[in-house]
Amino acid sequence: MNNMDISKHLSIWPKLTKREQERLVEAATFDTVKAGEHIHDGNKECTGLILVASGQLRAYIISESGKEITLYRLLEGDICLFSASCIINNLKLDIMIKAEKDTSFWLIPTETYKSLMDQSVTISNYTNEILASRMSDIVYLMEQVMWHSFDQRLASFLVNESTLENSERLSITHEEIANHMGTAREVVTRMLKYFQSEGLVSLSRGSIEINDVSRLKALAE
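The paragraphs below set out a description of the structure included in this document.

Here is what the cut-offs are and how they apply
Residues numbered from 1 in each chain as written. Predicted model: local features only at pLDDT ≥ 70, side-chain atom pairs only at ≥ 80, totals over all residues. Heavy atoms only, no water. Buried < 20%, exposed > 50% of the residue type's maximum accessible area, 1.4 Å probe, protein only. Helix = DSSP H or I, 4+ residues; strand = E, 2+ residues; numbered from the N terminus. Contact = heavy atoms within 4.5 Å. Phe/Tyr/Trp six-rings, centres within 6.5 Å; stacked < 30°, edge-to-face > 60°. Lys NZ or Arg CZ within 6 Å of the ring centre and 35° of its normal. Axes fitted to C-alpha atoms, helices over the stretch in contact; angles between N-to-C directions. Parallel < 35°, antiparallel > 145°, perpendicular 65-115°, else oblique. Patch = residues over 30% accessible without salt bridge, like charges linked within 9 Å, V, L, I, M, F, W, Y side chains within 5 Å. Areas by Shrake-Rupley, 256 points an atom, 1.4 Å probe, with all protein chains shown as cover. Salt bridge = Lys/Arg side-chain N within 4 Å of Asp/Glu carboxyl O. Left-handed = near helix turned anticlockwise from the far one by under 90°. Nonpolar A, V, L, I, M, F, W, Y, C, P; charged D, E, K, R; others polar. Core = buried A, V, L, I, M, F, W, Y, C linked by side-chain atoms within 4.5 Å.

Further remarks concern helix α1 (residues 18-27). Residues Glu20, Gln21, Leu24, Val25 and Ala27 constitute the buried set of α1. The secondary structure elements touched by the buried residues of α1 are β1 (29-33), β8 (103-108) and α2 (110-119).

Written as structure tokens, this is what we have:
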């Protein structure tokens, strides 16, 4: 795939000058990863900006005790700033980025993007919008953890996952859900069994069938 295809996935492309477009095309590299592979391992490295062409990435953090919690997902056309957090002064976040599905992406070198951001009002504003959106995702997650009961959070997760996968049958383990939600597998299993007793879901090995999405939505709210 030619780097020129980056124009189809970067939303501000038409607003960039010809020279800015050329610099991005010259600098960006196209790559692919298999599901389960990591692209970025915390702020000890400044990988560069990741622009997703296809697939699905997961951005998450790990606590000192080893628990994971998902901050947000990255889908086609999404860009991740935190993989190049060194371009943003005083931003220190140990965010991991892992492929949930086979994923293709462009990697824009940090030096190139920072130079463009310093020179272009369009790119600077775009960067601020992305940063504000991601911080909003993180604040929303904090509010969920602090103010919502676990049954509400799990119901919301299942509804969102069903929307993301466009299916009411989710191929996901209790351990994976626990990692997304920052809790223990046993906690997830107990609540899923309760949901099953209430007729909300049906459980089988490695998958969950949503039986009543409207009641799950009501519970989530």
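Take unusual backbone geometry next. Here Asn166, not a glycine, exhibits a phi torsion of approximately 55°, which is positive. Here Asn166 is to be found in the loop between α4 (150-165) and β9 (169-170). For Asn166, a relative accessible area of 71% corresponds to the exposed category.

The next point concerns the packing of aromatic side chains. Inspection of every chain in the model, using the stated rule, returns three aromatic pairs. Between the aromatic rings of Phe30 and Trp106, the centroid separation amounts to 5.0 Å while the plane-to-plane angle is 65°, which identifies the pairing as edge-to-face. Here the residue Phe30 occupies a position in strand β1, and Trp106 occupies one in strand β8, the gap between them amounting to 76 residues. Overall, the relative accessible area of 0% leaves Trp106 in the buried class. Where Tyr194 meets Phe195, the ring centres are 6.3 Å apart and the plane angle is 50°; that geometry is what we call tilted. You can call Phe195 buried: its relative accessible area is 0%. The ring of Tyr60 carries Arg58 above its face, with NZ or CZ at 4.1 Å from the centroid.

This part is about the packing of α4 against helix α6 (residues 185-197). Their axes nearest at 11 Å, the elements α4 and α6 cross at an angle of 80°. As judged from the angle between their axes, α4 and α6 are roughly perpendicular. Taking contact as the criterion, the partners of Phe150, Asp151, Leu154, Ala155 and Leu158 in α4 are, on α6, Val187, Val188, Met191, Leu192 and Phe195.

Now for the environment of Glu111. One can find Glu111 in helix α2. Measuring from C-alpha to C-alpha, the distance between Glu111 and Ala84 comes to 9.6 Å, with 27 residues separating the pair along the chain.

Moving on, we get to a nonpolar patch on the surface. A cluster of nonpolar side chains, contributed by Met142, Val145, Met146 and Trp147, occupies part of the molecular surface with about 480 Å² of accessible area. Structurally, Val145 can be placed in helix α3 (residues 121-147). Assessed through its relative accessible area of 40%, Val145 is described here as partly exposed.

Take the packing of α4 against helix α7 (residues 213-220) next. Close contact between α4 and α7 brings their axes to 8 Å; oriented N to C, the two are set at 135°. As summarised for this structure, α4 and α7 are arranged oblique, according to the angle between their axes. Two packed elements cross with a definite hand, and for α4 against α7 that hand is left-handed. Every residue of α7 that contacts α4 at Asp151, Gln152, Ala155, Ser156, Leu158 and Val159 is listed here: Val213, Leu216, Lys217, Leu219 and Ala220. For the contact of α4 with α7, the per-class residue count stands at seven nonpolar, two polar and two charged.

To continue, consider the nonpolar core. One finds Ile6, Leu10, Leu49, Leu57, Tyr72, Ile97 and Tyr113 to be the most contacted residues of the largest nonpolar core, which totals 42 residues. The dominant element in this core, judged by the number of residues it contributes, is α3, at six residues. With near-sequence residues (within four places) excluded, Ile6 lies in contact with Trp13, Val25, Ala28, Leu51, Trp106 and Ile108.

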